[in-house]
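If you want the building blocks of each chain, they are given just below.
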Amino acid sequence: MSFAATILTLYPEMFPGPLGISLAGRALERGDWSCETLQIRDFAEDKHRTVDDTPAGGGAGMVLKPDVLARAVDTALERQPACPVLAMTPRGTPISQARIRELAAGPGVTILCGRFEGFDERIFEGREIEQVSVGDIVLSGGEPAALMILDACIRLLPGVMGAPSSGTEESFEDGLLEYPQYTRPQEWEGRTIPEVLRSGDHAKIAAWRKARSEEDTRLRRPDLWERRSGARAQPASGARQKKKDLDQ
Ligand code: SAH
């Protein structure tokens, strides 16, 4: 079954864009996923094809109109009734690898891309739409965010990536960052690959990787580390202790 991506955008020419090459591009050619765009402007009903208007209460920029958005969303839902609708917005829930996995396991996804100051808030009351952010940054439009979400889903589709394990032994899959990687040459500018990785001792290598994974997560991403510690129901004092370690 093919993963159906539907993108509601003012810039349909941005798709499939970078997803038309490499792994995702070959998967698209094979039909592992499909990419349909709907031009939001086509759902405007006035003769100027207006999609936006000035913000209520004043302020800079323009806001996408709820009536136009609703017609676009309803059309997407008619075409792909089983696909969840995601709106790209910095006000949304930060996307996670866990959510990406769920989406990739489903029939596809419909993505609503904002522009200007974003969406009239009532669209989220009037339609079932999941508000999703790709991080604490502000993009000029939802399209690059949609490409990110789609890329992350597509690489998980069956048959898209070479080795089946390469999708599961990754950063975030178990709440940790991945361990650091090395490849030849054995020595580069006087720096060598950690000895253990050349030992051929698989148990030792696995133990080293696990330790580095935990260490790097603790140092680089205390937020992930604390969440993981919390999930393992460690006492609060344990979490505080770890934070203290980090400060030293
Ligand atoms: N005024 C809005 C930002 C609008 S940016 C605010 O401050 O919340 C214009 C569009 O870019 C948004 O409608 C959204 O679709 C997209 N966008 C910007 N940053 C994003 C992010 N971090 N995640 C997802 N989409 C984003």
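Conventions used here
- Residues numbered from 1 in each chain as written.
- Predicted model: local features only at pLDDT ≥ 70, side-chain atom pairs only at ≥ 80, totals over all residues.
- Heavy atoms only, no water.
- Near = heavy atom within 4 Å.
- Polar contact = N/O pair within 3.5 Å; in protein donor to acceptor, adjacent residues only side chain to side chain.
- Areas by Shrake-Rupley, 256 points an atom, 1.4 Å probe, with all protein chains shown as cover.
- 1 Å grid on protein atoms, 1.4 Å probe; cavity = no way out; pocket = protein on both sides within 12 Å on 5 of 7 lines; lining within 4 Å.
- Sits in = over half its atoms within 2 Å of the grid points.
- Helix = DSSP H or I, 4+ residues; strand = E, 2+ residues; numbered from the N terminus.
- Nonpolar A, V, L, I, M, F, W, Y, C, P; charged D, E, K, R; others polar.
- Domains from an automatic or database assignment.
- Buried < 20%, exposed > 50% of the residue type's maximum accessible area, 1.4 Å probe, protein only.
- Contact = heavy atoms within 4.5 Å.
- Points joined across faces, edges and corners; volume = space filled by probe spheres on them.

Asker: So what exactly am I meant to see when it comes to the site of the ligand here?
Answerer: Not every one of the 19 residues close to the ligand is listed here, only the nearest: M88, G114, G135, I137 and L139. Here a nitrogen atom of the ligand and a backbone polar atom of V134 are 3.0 Å apart. A distance of 2.8 Å separates a nitrogen atom of the ligand from a polar atom in the backbone of I137. Relative to its unbound accessible area of 560 Å², the ligand is 87% covered by the protein chains. One can see that the ligand is located within the second largest pocket. For the shell around the ligand, the secondary structure elements donating two or more residues are β5 (85-94) and β7 (130-133). Looking at the shell around the ligand, the element that brings in the most residues is β5, giving 3 residues. Of the residues in the shell around the ligand, the class split is 9 nonpolar, 8 polar and 2 charged.

Asker: Where do I start with the domain arrangement of the protein chain in this structure?
Answerer: A common way to state how big an interface is: give the accessible area lost once the parts meet. Domains assigned within the protein chain are domain 1 (3-154) and domain 2 (187-247). Taking the mean C-alpha position of each, domain 1 and domain 2 sit 37 Å from one another.

Asker: What am I meant to see in the environment of G59 here?
Answerer: With respect to the secondary-structure elements, G59 resides in the loop between β3 (52-53) and β4 (63-64). Sequence spacing of G59 and A76 is 17 residues, and the spatial spacing of their C-alpha atoms is 31 Å.

Asker: Which parts of the structure should I look at to understand the environment of Y182?
Answerer: With respect to the helices, strands and loops of the structure, Y182 is situated in the loop between α5 (143-154) and β8 (187-188). Of the residues examined, Y182 reaches a relative accessible area of 39% and is grouped as partly exposed. Counting along the chain gives 118 residues from Y182 to L64, while the straight-line C-alpha distance between them is 47 Å. Dropping the residues within four chain positions of it, Y182 is found in contact with I193, P194, L197 and W208.

Asker: Before we go on, may I ask you to explain the layout of surface pockets in this structure?
Answerer: Over the atoms rolls a probe the size of a water molecule, and its path tells where empty space is left. Within this model, the largest pocket holds a volume of roughly 670 Å³. Residue lining of the largest pocket: 22 residues in total, with I95, S96, Q97, A98 and F172 positioned closest to the centre. Only α3 (97-104), α5 and α7 (222-231) provide two or more residues apiece to the lining of the largest pocket. The class makeup of the residues in the lining of the largest pocket is 10 nonpolar, 4 polar and 8 charged. Each of two domains, domain 1 (3-154) and domain 2 (187-247), supplies a minimum of three residues to the lining of the largest pocket. In this structure, the second largest pocket occupies an estimated 430 Å³ of space. Lining the second largest pocket are 24 residues, with M88, T89, P90, E117 and G118 sitting closest to its centre. Elements with a minimum of two residues in the lining of the second largest pocket: β5 and β7. Considering every element that reaches the lining of the second largest pocket, the biggest residue donor is β5, with 4 residues. Looking at the lining of the second largest pocket residue by residue, the class counts come to 11 nonpolar, 9 polar and 4 charged.

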